[in-house]
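Topology and contacts: notes
One letter stands for each residue in the lines below.
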Amino acid sequence: MRFFKAIGTLILLALLCASIVLTLAAGALRFVALNPAYIKAFLPTNLYCEEMRARLSDDLDHVALLYGLEEGAFSDVVTDEAIRTYTNTLIDALYAEDAKSPLDLPAFPADGFRTYLRTNTSFSEQGIKDCAEDCAQAVTEDLSAINTPLIIGPFLTLRNHTFSRSSLVLFVAGLLLVILMLVFLRMLYYDAKSKRTGAVVRRGGCFMGVTIVFVPVMQFILFGYVGRLNISPSAFRTMLTGFLNVILYGWFLALLALELLTFLLLLAAIVRAAHYKLKRAK
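Residues numbered from 1 in each chain as written. Predicted model: local features only at pLDDT ≥ 70, side-chain atom pairs only at ≥ 80, totals over all residues. Heavy atoms only, no water.

Inspection of the secondary structure assignment puts Pro109 in the loop between helix 4 (80–94) and helix 5 (111–120). Judged by its relative accessible area of 49%, Pro109 is partly exposed. A sequence separation of 38 residues divides Pro109 from Asn147, and the C-alpha atoms of the two residues are 18 Å apart. (Helix = DSSP H or I, 4+ residues; strand = E, 2+ residues; numbered from the N terminus. Buried < 20%, exposed > 50% of the residue type's maximum accessible area, 1.4 Å probe, protein only.)

Laid out in structure tokens, this is it:
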């Protein structure tokens, strides 16, 4: 009887871990990587806008010098709010159902540059128009730097993949399988004599399942693989690493919370089982 219980426990634990991995992978894809609301909420942070403004300043200074203006002349024209608005427009286009590579994005508004030039320069209307359009084009190219087939193509392929389109169904199915495996394990340790051992087994299985996913993600963050991308400082690098970090850290925080929760539940079950055995021994 003990032999068959041990074999059944190993099989059910393996299925439980596999179900947890499926649930976490599908959940990360559906609620993090393929969730435009999440990306829009956490990508254009103050740090992201500050870094992007530094990239914009380099190109705008180049335009300013071409038109006989000083460096930094346009440094305050493009605000953080404008960067966030255009970034959100790019995200909406990226996650649109009819998205194609490259994305069809609007040009950055040139009104702010026209207003600045009319107030601070003696350019003619034609000069103002030309300079403002050149500035707007430079900003558009920077704020849409990832709009290249090299990035957009693979992303759209991933988004349209069967696994991605079925991620919500797989998440629900994986969650149901997790519950089912826990029920089977509870039935395996149904008697009063072994129910505390069963609690340790069930919670230990949940802890192991989360750990299987948590450890490689934690290693990826600890070694800073995203920050070590061999790309020179540019708007393209800022956007690419921004997207990757938002997705990675969102998944990591969710896994960290689950890891701590399952560990505490496992620890409580171990303490209860040990206390019961000690009480019986006395």
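Having seen the structure, we can now continue with the description.
Compared with an ideal rise of 1.5 Å per residue, which puts 28 residues at 40 Å, helix 10 (residues 195–222) spans 39 Å between its outermost C-alpha atoms and is within 8% of the ideal. A maximum bend of about 30° is found in helix 10 at Thr211. Just past helix 10, the residue Gly224 takes up positive phi, approximately 60°. (Expected span 1.5 Å × (residues − 1). Bend = angle between axes of the 7 residues up to and from the residue.)

The next thing to look at is unusual backbone geometry. Residues Ser101 and Pro102 are joined by a peptide bond in cis, for which omega reads -5°. One can find Pro102 in the loop between helix 4 and helix 5.

Let us now look at the packing of aromatic side chains. Tallied over the full model, the rule gives 12 aromatic pairs. By way of ring pairs, the aromatic residues Phe74, Tyr86, Phe108, Phe113 and Tyr116 are connected into one cluster. (Phe/Tyr/Trp six-rings, centres within 6.5 Å; stacked < 30°, edge-to-face > 60°.)

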